[in-house]
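# Examining the three-dimensional arrangement
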Amino acid sequence: MRKPELAKLKLSNPLHLLALGFGSGLSPIMPGTMGTIAAIPLYLLIQGLAAPWYIAILVLGFIVGIWFCNAATKAIGQPDHGAIVWDEIIGFGITMFMAPAGWAWILVGFVLFRFFDILKPWPISWFDRRVHGGFGIMLDDVIAGLFALGCLQLLAKYF
């Protein structure tokens, strides 16, 4: 059953559609994980781009993500509802920056990103508690993505 606050979100509204990760955030179980799964095809579309273009897409995704997440937050009336998963899409994209090719590395990146996004070790938890609005929603996942990126690159280098 759909939560009543989610009825205020309309997939016909492009801002809501994107904030909800193309609808993946509406999953009744593990919406953040579903949002990260939704990020995989998007990653596959950009993985072959030169680094400056890849980074530009992530920066643009971060900036417009603040807007998407703010719009969804205002519609729902809650500060960081679990259905808002655009931040997972950008966080996973950060994790996978310059990742080795192959599904095994996508799986490793997925697990690492979800680990840091769910557990929120310091300083991720500090930012999660203190920075709010669309920027706050995006920021903690950017930091989780950076942590996961570092771990993924270390694994790629030594394994």
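So, a few notes on the structure that sits alongside this text. (Residues numbered from 1 in each chain as written. Predicted model: local features only at pLDDT ≥ 70, side-chain atom pairs only at ≥ 80, totals over all residues. Heavy atoms only, no water.)

## Some thoughts on the side chain of Ser27
Assignment of secondary structure puts Ser27 in the loop between helix H1 (14–19) and helix H2 (31–46). Residue classification places Ser27 among the buried positions, given a relative accessible area of 17%. A distance of 2.6 Å separates the side chain of Ser27 from the backbone oxygen of Ile29, its partner in a polar contact. (Helix = DSSP H or I, 4+ residues; strand = E, 2+ residues; numbered from the N terminus. Buried < 20%, exposed > 50% of the residue type's maximum accessible area, 1.4 Å probe, protein only. Polar contact = N/O pair within 3.5 Å; in protein donor to acceptor, adjacent residues only side chain to side chain.)

## Focus: the packing of helix H3 (residues 51–76) against helix H7 (residues 133–158)
Relative to each other, H3 and H7 sit at 130 degrees, their axes nearing to 7 Å. Viewed along their axes, H3 and H7 adopt a mutual orientation that is oblique. You can see that H3 and H7 cross each other, and the crossing is right-handed. Contacts from Gly61, Phe62, Gly65, Ile66, Cys69, Asn70 and Thr73 in H3 reach Gly133, Gly134, Phe135, Ile137, Met138, Leu139 and Val142 in H7. Taken together, the residues of the contact of H3 with H7 break down into 8 nonpolar, 6 polar and no charged. (Axes fitted to C-alpha atoms, helices over the stretch in contact; angles between N-to-C directions. Parallel < 35°, antiparallel > 145°, perpendicular 65-115°, else oblique. Left-handed = near helix turned anticlockwise from the far one by under 90°. Contact = heavy atoms within 4.5 Å. Nonpolar A, V, L, I, M, F, W, Y, C, P; charged D, E, K, R; others polar.)

## Describing the pattern of salt bridges
Throughout the structure, instances matching the rule amount to 4 salt bridges. Arg114 is paired through a salt bridge with Asp117; the nearest N and O atoms lie 2.6 Å apart. Placement of the pair is Arg114 and Asp117 together in helix H5 (residues 103–119), with a separation of 3 residues, close to one helical turn. Classification of Asp117 by relative accessible area gives buried; the value is 5%. Between Asp140 and Lys120 there is a salt bridge, and its shortest N-O distance comes to 2.8 Å. With a gap of 20 residues between them, Asp140 in helix H7 and Lys120 in the loop between H5 and helix H6 (124–130) connect regions that are remote in the sequence. (Salt bridge = Lys/Arg side-chain N within 4 Å of Asp/Glu carboxyl O.)

## What about a nonpolar patch on the surface?
Together, Leu49, Trp53 and Ile57 line one region of the surface with nonpolar side chains, adding up to about 310 Å² of accessible area. For Trp53, the location among the structural elements is in helix H3. (Patch = residues over 30% accessible without salt bridge, like charges linked within 9 Å, V, L, I, M, F, W, Y side chains within 5 Å. Areas by Shrake-Rupley, 256 points an atom, 1.4 Å probe, with all protein chains shown as cover.)

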